[in-house]
Structures are given as C-alpha cells and as structure tokens.
Amino acid sequence: MSTTLTKEKGVNPWRQFISEFAEKKLAVVGFIVFVSLIFAAVFAPWITPQDPYDLTQIDFMDGRLAPGSEGATMTYWLGTDDQGRDLLSGIFYGLRTSLAVGALSTLIALIFGGALGLIAAYFGGRVDTLIMRIADLQLSFPGILIALILVSALGQGIDKIIIALVAVQWAYYARTIRGTALVERRKEYIEAATCLAIDHRRIVFKHLMPNCTPPLIVVGTVQVAHAIALEATLSFLGIGVPITEPSLGLLIKNGFDYMLSGDYWVSFYPGLALLITIVSINLVGDQLRDVLNPRLKK
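Residues numbered from 1 in each chain as written. Predicted model: local features only at pLDDT ≥ 70, side-chain atom pairs only at ≥ 80, totals over all residues. Heavy atoms only, no water.

Which parts of the structure should I look at to understand the overall build of the protein?
For the protein, the helix and strand inventory stands at twelve helices and two strands. Taken from N to C terminus, the helices and strands of the protein fall in the order α-α-α-β-β-α-α-α-α-α-α-α-α-α. Dimensions of the protein, computed from the C-alpha atoms along their principal axes, are close to 75 × 50 × 30 Å. Intrachain contacts of the protein at a sequence separation of at least 6 include 70% that bridge at least 24 residues. Summed over its atoms, the accessible surface of the protein is roughly 15,600 Å², and 66% of this surface lies on carbon and sulfur atoms. (Helix = DSSP H or I, 4+ residues; strand = E, 2+ residues; numbered from the N terminus. Contact = heavy atoms within 4.5 Å. Areas by Shrake-Rupley, 256 points an atom, 1.4 Å probe, with all protein chains shown as cover.)

Next up, the structure:
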C-alpha cells in the first residue's frame, strides 16, 4: 500500500514525522500552547481559584473589579465580570465547553463526511453524483447561515450546536477524501483487492481509507478552529450554548456592553483566549499540512 510519509530504511516513521514537524518553531509553540489550553480546560475544576457557577463562591459586591484587584477571599488576576465571577476561572471553564463542542462536532463530521466521500469515490456513477451534488449544495451557502437556521429551529443546547456544526462541516471532509480516494482507487492494490472478490466494505474501510487519512487529519485540525469560532459567533449572538454551560463566545457577549464604559477586561480577556486558541490550532494545522503533503516537501 502507498503511504504519504516517507519511510526510509531504518528510520522510524513517527520519529521522522516529529522531526519534520519540529522544523517549524512557530508550529511547536502553537502545539505547546494548544496542549496547555487543553490541560487548563480538562483540569479547570482543580486548578481554578473559583467555581464561577457556584453561587456560594460568588460575591456580587465584587462585580467588575479591575485586573489585579483584591477581593474578599482572593486576588482577581484578570478582574471580574458584572456578576462578580473571577474571569480567569470563567475562561478556563469556558474553554471546556468551546473545545468540547469544537472537537466533538469535528469528529462526528469527519466520520460522517469521510465515509460518504469514500463511498462516492469508490462506487462512482450515480452514487458519486448524488453525494457530491448534495455536498455542493451545502457548500454553496455560508456556514454561519446554515448554523443560524438550524440552531433557531432546534433551540439552544450543546447537542443542538453540535448538530448544526456537523451539518456545516461534513461536506468539507466528503470533498477532501473523495479527491484523494479517486487517486487511490486507480492504484494496483485496490485493483488486486477487487480481483480477489474481497467485500466492498472491507476494501473501502480496510484498504482505501487508511491511505486517505492524512488530508483528513489536516482538514480536521483546521476545522476544529473553525468550529470553535462558529460556536463562539452563535453564542455571541445569543442563540448558542445556554448560560448554564457558557463558552468563550458567551463570556465575550456578557462583557461586550461594558467595553465603552471602560471595563474592557470583561470582554477583552475571553476574546484574547479565543484568539490564542484559534491561532494555536491553525499553526499546528498548517505545519501538519506541510509535513503530510509530499508535494510541499522540498
């Protein structure tokens, strides 16, 4: 079978992959930042100074304190919001929701769209035409418009947001894997498997799919950032996640009204956290594209 990574004699492919990825220092920094954000999100209940959604830990008299202010029981390094909640804690908890929604919606869309793309490329004909025309129809509309319509129809909730994001993303994966699978479909190992009368499902998912995954990894990484940004947009517009499970987008919305009054930090720091998250993911995705695409290698 063919493979995207170059396997030189006596060279571990994983070691070679890590070596090539580390050639770009900015991508390494992005990876470290992204891993740190995941760590902060996963362990937020244990590393944050306050549970921002436990009313017994919140003092409303501490509302909109400037960064570095001393509260009754703690120092608010990034200040507080209008409810007196510690912004640093709120950002870590918001990362949990944003990263979870982005990763889960991307994974589901990748599986669903990738399977449809493989089927379209392998069987061709009317099956290919039907799947690709549906994908073209979906891609002809702006993603935010589709998400707005679906969320407005389904209502608020993390599960509704994930459904909307899957509907927006699946066509990207279907298109990506179809293009790669069409090339692999003409190679000898697929012809040999077909001549041996191997079951179509086994050919598609055991032989064809493994050689089409590198482009999916790249697209999937970038689409995580896109999904997080889209979810933040919906939450900022007030139709995203509920206030009981706020994301970074909802935190930005909560502080937006105070930007002109001088209390910039209520919205600025959640926005900065969102920007750092998206940039770090894109840095990793760009380097993955360079490493996994042999045409871009010098």
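Even after reading the chapter, I still don't get the packing of helix α5 (residues 125–139) against helix α7 (residues 158–185), so can you show me in this structure?
When two helices pack together, their arrangement is given by the angle between the helix axes and the distance between those axes. With their axes 9 Å apart at the nearest point, α5 and α7 run at an angle of 135 degrees to one another. In terms of orientation, α5 lies oblique with respect to α7. Our pair here, α5 against α7, has a crossing hand that is left-handed. When α5 is examined against α7, the residues D128, I131, M132, R133, I134, A135, D136, Q138 and L139 are found in contact with a partner set consisting of A167, V168, W170, A171, Y172, A174, R175 and R178. (Axes fitted to C-alpha atoms, helices over the stretch in contact; angles between N-to-C directions. Parallel < 35°, antiparallel > 145°, perpendicular 65-115°, else oblique. Left-handed = near helix turned anticlockwise from the far one by under 90°.)

Explanation requested: empty space enclosed by the protein in the structure shown.
Leftover empty space is mapped by rolling, across the atoms, a probe with the size of a water molecule. Following the criterion strictly, the structure yields one cavity of 30 Å³ or more and no others. Contributing to the lining of the largest cavity are P52, Y53, D81, R85, D86, L87, G90, L251, N254 and V266. The set of elements that each furnish at least two residues to the lining of the largest cavity consists of α4 (87–123) and α11 (248–256). Among the residues forming the lining of the largest cavity, the class breakdown is five nonpolar, two polar and three charged. (1 Å grid on protein atoms, 1.4 Å probe; cavity = no way out; pocket = protein on both sides within 12 Å on 5 of 7 lines; lining within 4 Å. Points joined across faces, edges and corners; volume = space filled by probe spheres on them. Nonpolar A, V, L, I, M, F, W, Y, C, P; charged D, E, K, R; others polar.)

I would appreciate a short explanation of the nonpolar core in the present structure.
Among soluble globular proteins, nonpolar side chains are generally buried collectively. Counting 29 residues, the largest nonpolar core has L118, I161 and L208 as the members making the most contacts within it. The element that contributes the greatest number of residues to this core is α7, accounting for nine residues. When sequence neighbours within four positions are dropped, the list of residues in contact with L208 reads L118, Y122, A181, E184, R185, Y189, I190 and I203. (Core = buried A, V, L, I, M, F, W, Y, C linked by side-chain atoms within 4.5 Å. Buried < 20%, exposed > 50% of the residue type's maximum accessible area, 1.4 Å probe, protein only.)

Before we go on, may I ask you to explain helix α1 (residues 13–21) in this structure?
In an α-helix, one full turn covers 3.6 residues, which means residues spaced three or four apart are oriented alike. By the burial criterion, the buried members of α1 are Q16, F17, E20 and F21. Down the axis, α1 shows its buried residues gathered within 130 degrees of arc, on one side only. The exposed set on the far side of α1, more than 90 degrees from its buried face, consists of W14, R15 and I18. At its buried positions, α1 is contacted by α2 (25–42) and α12 (265–292). (Arc of directions from axis to C-beta.)

What exactly am I supposed to notice about the side chain of D263 here?
Here D263 is to be found in the loop between α11 and α12. The contact partners of D263, leaving out residues within four places of it in the chain, are R64 and Y258.

Sorry, what's going on with the pattern of salt bridges here?
Opposite charge on two side chains makes pairing possible when the charged atoms of those side chains draw close. Within the structure shown, the criterion is met by seven salt bridges. Note that D136 and R133 form a salt bridge whose closest N and O atoms lie 2.7 Å from each other. Of the two residues, D136 and R133 both sit in helix α5, three residues apart, roughly one turn of that helix. Exposure remark for D136: the relative accessible area of 27% places this residue in the partly exposed category. Measuring nitrogen to oxygen at the nearest pair gives 3.4 Å for the salt bridge that ties D159 to K160. (Salt bridge = Lys/Arg side-chain N within 4 Å of Asp/Glu carboxyl O.)

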